[in-house]
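# Survey of secondary and tertiary structure
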Amino acid sequence: MAEVRLTINGKDCKAENGMTILEAARANDIRIPTLCHFEGLEGRANCRMCIVEVEGMRTSQPACVTKIREGMVVQTETEKLQAARKATLELIMAHHAVDCHHCMRIGSSSEPSLDPKFCEMCFWCDCERDGFCELQTLNREYHVDVLPYIQHEADYEKDESLDSVIRNPNKCIKCRRCVDVCGNVQTVHNLSMANRGRDIMVVPELGKPMAESACVRCGHCVDVCPVGAIYMQEHKDEMLYMAHSYDVDVAAQVSADVLPELAQLYKVDESQISMGQVVAALHKIGVKTVVSDEHARATSAKQAAEVIEKKAGKEPVIITDSNAVKNFVDRYFPKMKDKIDCYDSAQTSFCKNAAELAGEKPLKIVNITNIKEAGAEGKETGNADYVINARELYRIFLRTGGAPHRKKAQSFDKTWTDGDLPYKELLGRKAWNLESDPEEVAVLINGKACKCAVAHNLGQVRKLLEGDYKNYDVVRLMA
Ligand code: SF4
Ligand code: SF4
Ligand code: FES
């Protein structure tokens, strides 16, 4: 790809032709603030936080959609730009739920290191993103405190109809990340923008409640929402209460997928938090039994391997352990249902194994994972009592003073001998991505080299189920 030379804030920069100013700046370690932009999604220029000055252009340009050209001269941090960004934030706050306006974490405190633990002592706000909100962070950076515009208090009702994926339109900043993810990546097209002007809002299919809409509960709108407008139903209070209770025992399965976000929230390097330290912190709050999800994953993979070994080579084998994929197939590919072999998710396997962990007291089962669809799976199948994500875990530890990275590591309470996870390249831990094509992997099954595919999002699932599955021996579907 041809190289382009440009100047950003006086620094000579090189970037690939076709990049936006934002991409070029990031490639050269220059930060430009963003709010609506999400890496991997097409830029929409909805918020104008990323505006920059380009020599020769009369108005400021949104860096997230403006392409670079040879010799371009860009300024990203002039006083005029900073004032314009602050005004943008003030306008956004004029349409944002009022609880944030009481918050010292916005701009009214000059204390630079106001950590989220402050939030655990505050009674004004019950926002699920408090302390981790992209809007809140920018408000602090730009010292947005006294709000100059009249507050537009819409007071929309929260949509809690699913009891898993929850919408709170009062917090929505209309960035459209969720609309793009649900439509362009997941191909569900459940979310869209409705109304005009200041009443514009995100609504599920035909304005129905989420429970009656096309939502398949994959939870990826939650992953991309920068504020507390879409979130998974939380259970940190119940989990803490149960862990402290003398009447019940709590058994928790923890997945290593919570470690990167925990490290980010504690502002430490990932290498500084281990699973053993998380085990110690969970024991401290009263969780009786802590196990890793490795065993449950191996149990599930073995179930899948049996099906694969029985059928591979005779017909394309399609497997899934995803609750959201099952919902997606029910809705969009009902005729393919009989062709798909479902195996237990790691959450279901753990809940089945948990019977072994029960003592004399009733047992509450908690799955701690950052995979959002697990929360919906718990609600829909009733397999786990509570599903907790990394952010909830962090807040539980803040309340109880149990920072894991300061703890001495402890061992898991039970380990099973599993042997290796079969067909790791196919059945191993895989992450959601925003690509349009599935991953291809070659796997030796029954002594024969087999062509396999892994779908990492529902758009890829759709592509495979529309016919591409016939090109493979084995297809694994994830949401
Ligand atoms: S949970 Fe998935 S399907 Fe439902 S609205 Fe969000 S992105 Fe769309
Ligand atoms: S719900 Fe969240 S992701 Fe969707 S438009 Fe509103 S703020 Fe953006
Ligand atoms: S991040 Fe560029 S306009 Fe929102």
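Residues numbered from 1 in each chain as written. Chains lettered and ligands numbered in written order. Predicted model: local features only at pLDDT ≥ 70, side-chain atom pairs only at ≥ 80, totals over all residues. Heavy atoms only, no water.

## Some remarks on the site of ligand 2
Neighbouring ligand 2 are 13 residues, the closest being Cys-172, Cys-175, Arg-176, Cys-178 and Cys-225. Counted by class, the shell around ligand 2 contains ten nonpolar, no polar and three charged residues. (Near = heavy atom within 4 Å. Nonpolar A, V, L, I, M, F, W, Y, C, P; charged D, E, K, R; others polar.)

## Some remarks on the domain arrangement of the chain
Considered domain by domain, the chain is made up of domain 1 (3-77), domain 2 (97-232), domain 3 (236-295 + 347-406) and domain 4 (309-342 + 421-477). With centres defined by C-alpha atoms, the gap from domain 1 to domain 3 works out at 41 Å. (Domains from an automatic or database assignment.)

## A few points about the site of ligand 1
The environment of ligand 1 is made up of Cys-182, Val-188, Asn-190, Leu-191, Met-210, Cys-215, Val-216, Arg-217, Cys-218, Gly-219 and Cys-221. Among the residues forming the shell around ligand 1, the class breakdown is eight nonpolar, two polar and one charged.

## Quick notes on the state of the cysteines
All chains considered together, the criterion is met by zero disulfides. Cys-342 provides the cysteine sulfur closest to Cys-351, a residue in no disulfide bond, and the two sulfurs are 17 Å apart. We classify Cys-351 as buried; its relative accessible area is 14%. The closest cysteine sulfur to the non-disulfide-bonded Cys-450 is located on Cys-452, 5.7 Å from its own sulfur. Cys-450 gets classed as buried once you look at its relative accessible area, which sits at 4%. (Disulfide = S-S within 2.5 Å. Buried < 20%, exposed > 50% of the residue type's maximum accessible area, 1.4 Å probe, protein only.)

## Regarding helix α12 (residues 373-381)
Think of an α-helix as 3.6 residues a turn; residues three or four steps apart then line up on the same face. Glu-373, Ala-374, Gly-375, Ala-376, Glu-377 and Gly-378 are the residues of α12 that are buried. Check the buried side of α12 and you find it contacts β9 (230-232), α10 (323-332), α11 (346-353), β14 (363-368) and β15 (386-388). At the exit of α12 stands Gly-382, carrying a positive phi of roughly 70 degrees. (Helix = DSSP H or I, 4+ residues; strand = E, 2+ residues; numbered from the N terminus. Contact = heavy atoms within 4.5 Å.)

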